[in-house]
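Results of the structural survey
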Amino acid sequence: SGNSQCSSALHIVHIAAEMAPVAKVGGLADVVAGLGKALQTNGHLVEIILPKYDCMQLDQITNLKVLDVVIQSYFDGNLFSNNVWTGTVEGLPVYFIEPQHPSKFFWRAQYYGEHDDFKRYSYFSRAALELLYQSGKKIDIIHCHDWQTAFVAPLYWDIYATRGFSSARICFTCHNFEYQGTAPAPDLSYCGLDVEKLDRPDRMQDNAHGRINVAKGGIVYSNIVTTVSPTYALEVRSEGGHGLQDTLKTHSRKFVGILNGIDTETWNPSTDRFLAVQYSATDLQGKAANKAFLRKQLGLYSEDAPQPLVGCITRLVPQKGLHLIRHAIYKTAELGGQFVLLGSSPVPHIQREFEGVADQFQNNNNIRLILKYDEALSHCIYAASDMFIIPSMFEPCGLTQMIAMRYGSVPIVRKTGGLSDSVFDFDDETLPAELRNGFTFARTDEQDLTSCLERAFRYYSRKPMVWKQLVQKDMQIDFSWVSPASQYENLYHSAVAQARGVAQT
Ligand code: ADP
């Protein structure tokens, strides 16, 4: 980060729907917290704005208090009051917006999946900008994430910049192009945006007739657009773009892929309080102890210590390669390994399908499916497992392969998106040996996964010393936010410099 040291500190505000560990659904939450902390460590002033969800983990917030000021914000022809709460999460100052709106937007006992998500998050985006505007702060970067807060980009340039609140540049990170936030075009007007002006193919018009697309607005109206790995950034410019490929191509000069980091304080096997025993690359006894402990806790067969334990921790959605996850369970059973799946699905029929698989293995003491979200158990599985499987159909970045490696669990992944940028096949002789850290396969059929899994099992059982060295190597790879944060910093600095250049001429 030589570049950042000679540049001035920036005031950066993240507006997001999730932040770990207070309000976490998936990887987005980890990114907001991890990137925020890394930027703060580098001397920047970082603040976060979140909705005040009723289902948040309040015990993860210190000094939570409501501010005296009430922020009025516009929605659907009226002004509504918002209570603003402040608190500290992971050392970062966070503002929580609590709308006083009859629809009780964030009082739903869940984060997403409500029929009015489009309204809820357009409301939140508007209120968050209103908070910043009324605070009178001179902000350098407003960083919004995913479609839920992508409203911020057009709102900022069309409504706030013209009111003299124009110091900031907007960065939009899309964590997954499958979720774009579309609605009938008139719905865009709830938050005060001008539908006439924005419902155009080069602005926010969706490919589907009569609809508007918020992620598209984020791309068109932001100064910086990023996604979460270099390979995914290439994929979404073609088939992977879920309809946004042309928009991304048009705006490709401001679009880059930066591989996410992981929070190496949260994910540290030598200090992790969720673990039965802490351990490190130089003390793998501790890892064995965690395996023994988890087997006991889950009622798995534990006489045969060398049996490899395969872990999988995931949202159960089609993106994650559900047929391959199912196949990996059966194949592991057949190969004499053990499998632990921790996952839950927002889709009822998928949840039921996996409950069916779980029932099938009820009396099998080598296979366990735990079909819920459980933070504590996730740590124990990373620590206990020898291998970790991620057979995604597409994967913008993926965090679980990086966490797995840090805990000494060797990743077996499909070569796609961020998995391609972080996992390199152990047998790929075209790559430098020091880079090779896992097992990869390319196709989406069962056969390719089978042979990959078999290869990993062969190394595990026949070459224990080679395996041990691989585990130790994986544990020492730097997946911290240090490098990604400095890449974001460089983008921020050049956007700010460009803005100042424009202002001076
Ligand atoms: P995505 O964002 O698509 O869900 P990522 O790999 O980027 O996938 O991030 C997943 C994060 O969520 C990881 O931190 C993982 O440990 C966590 N996670 C996923 N499912 C569960 C679960 N059922 N219980 C606990 N943690 C989970």
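These figures come from a predicted structure and were not determined experimentally. For every chain, the first residue of its written sequence is number 1, and the numbers climb from 1 along that sequence. Reporting of local features is limited, given that this is a predicted model, to residues whose pLDDT is at least 70; pairs of side-chain atoms are given and counted only at 80 or more, and all residues count toward the totals for whole chains, interfaces and linings. Here the side-chain values reflect all heavy atoms present in the structure, with hydrogen atoms and water set aside.

Runs of H or I in DSSP of at least four residues are treated as helices and runs of E of at least two as strands, each being numbered from the N terminus. Broken down by element type, the protein carries 18 helices and 17 strands. Taking 23 Å as the expected radius of gyration for a compact globule of 505 residues, we find that the protein reaches 23 Å, a close match to that expectation. Projected onto its principal axes, the C-alpha coordinates of the protein cover approximately 70 × 50 × 45 Å. Think of it in three bands: with a 1.4 Å probe and only protein chains considered, a residue is buried below 20% of the maximum accessible area for its type, exposed above 50%, and partly exposed in between. The buried share of the protein, reckoned over its 505 residues, is 58%. Contact between two residues is taken to exist if any of their heavy atoms lie within 4.5 Å; hydrogens are not considered. Intrachain contacts of the protein at a sequence separation of at least 6 include 72% that bridge at least 24 residues. Surface accessibility in these figures is a Shrake-Rupley result with a 1.4 Å probe; residues are shielded only by whichever protein chains are displayed. Surface exposure of the protein reaches about 20,200 Å², of which carbon and sulfur atoms provide 50%. Charge convention: Lys and Arg are scored as positive, Asp and Glu as negative, and His as well as the terminal groups of each chain are ignored. Each charge is placed at NZ for Lys, CZ for Arg, CG for Asp and CD for Glu. Taking the average place of the 46 positive charges on the side chains of the protein and the average place of its 53 negative ones, the gap between the two points comes to 2 Å. C-alpha atoms define the radius of gyration in this analysis, and the globule rule sets the expected value at 2.2 Å times the number of residues to the power 0.38.

As for its position among the elements, phenylalanine 124 is in helix H3 (residues 117–135). Sequence separation between phenylalanine 124 and isoleucine 329 is 205 residues; the distance between their C-alpha atoms is 41 Å. Each residue touching phenylalanine 124, except ones within four places of it in the same chain, is listed here: Ile15, Ala16, Ile49, Leu50, Pro51, Ile97, Phe106 and Thr149.

Reading across the sheet, the six strands line up as E14-E13-E12-E15-E16-E17 and stay open at both edges, with parallel pairing between neighbours. With one partner strand each, in any of the chains shown, strand E14 (367–370) and strand E17 (439–441) form the two edges of the open sheet. Between one strand and the next, the sheet's axes are offset by a mean angle of 15°, whatever the strand orientation. Any two strands between which DSSP finds at least two bridges are classified as paired. Two strands pair when backbone bridges link them, and strand E16 (residues 410–414) and E17 are joined in this way by three bridges, in the parallel orientation. Angles shown run from 0 to 180 degrees and are taken between the N-to-C directions of axes, each axis being a line fitted to C-alpha atoms and, for helices, limited to the stretch in contact.

Moving on to the site of the ligand. Note on definitions. A residue lies near a molecule or strand when any single heavy atom of the residue is within 4 Å of it. Taken together, 19 residues sit near the ligand, with Gly27, Arg315, Lys320, Lys372 and Tyr382 positioned nearest. Here a polar contact means two N or O atoms within 3.5 Å. Within protein one must be a hydrogen donor candidate and the other an acceptor candidate, and residues neighboring in sequence count only if both atoms are side-chain atoms. A distance of 3.0 Å separates an oxygen atom of the ligand from a polar atom in the side chain of lysine 24. Residue glycine 27 places a main-chain N or O atom 2.7 Å away from an oxygen atom belonging to the ligand. Among the secondary structure elements, those contributing two or more residues to the shell around the ligand are helix H2 (27–41), strand E12 (309–315), strand E13 (338–344), helix H13 (375–384) and helix H14 (400–406). Of all the elements, E12 adds the most residues to the shell around the ligand, at three residues. Any residue outside Ala, Val, Leu, Ile, Met, Phe, Trp, Tyr, Cys, Pro, Asp, Glu, Lys and Arg is labelled polar, Gly included; the first ten of those are nonpolar and the last four are charged. For the shell around the ligand, the per-class residue count stands at six nonpolar, seven polar and six charged. When residues are assigned to domains, the shell around the ligand turns out to be shared by domain 1 (10–261 + 482–504) and domain 2 (285–476), each giving three or more. Domain delimitation in this document rests on an assignment produced automatically or drawn from a domain database.

A 1.4 Å probe that fits but cannot get out identifies a cavity on a 1 Å grid over protein atoms alone, an open set with protein on both sides within 12 Å along at least five of seven lines counts as a pocket, and a residue lines either if it has an atom within 4 Å of a point. Grid points are joined across faces, edges and corners, and a volume is the space filled by probe spheres set on the points. By volume, the second largest pocket is sized at about 420 Å³. Lining the second largest pocket we find 16 residues, and of these Leu284, Ala288, Asp386, Tyr460 and Trp467 sit closest to its centre. Considering every element that reaches the lining of the second largest pocket, the biggest residue donor is helix H10 (residues 285–297), with six residues.

Below, the discussion takes up the domain arrangement of the protein. You can read the domains of the protein as domain 1 (10–261 + 482–504) and domain 2 (285–476). The C-alpha centroid of domain 2 is placed 33 Å from the C-alpha centroid of domain 1. Domain 1 puts 18 residues into the contact, and the matching count from domain 2 is 16 residues. In total, domain 1 and domain 2 occlude about 1,300 Å² of area from one another, counting both sides; carbon and sulfur atoms represent 59% of this. Summed over both partners, the accessible area lost on bringing two parts together, with a 1.4 Å probe, is the buried area. Looking only at domain 1, the three residues that lose the most surface to domain 2 are Lys24, Thr231 and Leu259, adding up to 28% of its buried area. The term salt bridge refers to a pairing of a side-chain nitrogen on Lys or Arg with a carboxyl oxygen on Asp or Glu at a separation within 4 Å. Run the count over domain 1 and domain 2 and you get zero salt bridges. The set of elements that each furnish at least two residues to the side of domain 1 that touches domain 2 consists of H2 and helix H8 (230–235). For the side of domain 1 that touches domain 2, the element with the highest residue contribution is H8, accounting for four residues. Within the side of domain 1 that touches domain 2, the residues separate by chemical class into six nonpolar, eight polar and four charged.

Next up on the list: the sheet that holds strand E11 (residues 255–257). Within a sheet, neighbouring strands are paired by backbone hydrogen bonds and run either parallel or antiparallel to one another. The mixed open sheet is built from nine strands, whose spatial order is E3-E4-E5-E2-E1-E6-E7-E10-E11. In the strand order of this sheet, the two ends are held by strand E3 (62–75) and E11, each with one partner. Each neighbouring strand pair of the sheet contributes to a mean axis angle of 25°, computed without reference to strand direction. Sheet topology places strand E4 (residues 78–89) next to strand E5 (residues 92–99); eight bridges connect them, and they run antiparallel. When the bridges of E5 are listed, tryptophan 85 appears paired with phenylalanine 96. Along the sheet, H3 makes contact with strand E1 (11–15), strand E2 (45–51), E3, E4, E5 and strand E6 (141–145), crossing E3 at roughly 105°. In the packing of helix H5 (residues 152–160) onto the sheet, the strands contacted are E1, E6 and strand E7 (169–174), and the crossing angle to E7 comes to about 165°.

Pairs of cysteine sulfur atoms within 2.5 Å are identified as disulfides in what follows. What the rule picks out here adds up to zero disulfides. The cysteine cysteine 144 is free of any disulfide, with cysteine 171 supplying the nearest cysteine sulfur at 7.4 Å. Overall, cysteine 144 belongs to the buried group, its relative accessible area being 0%. Between cysteine 312, a cysteine without a disulfide, and cysteine 452, which holds the nearest cysteine sulfur, the sulfur-to-sulfur distance is 14 Å.

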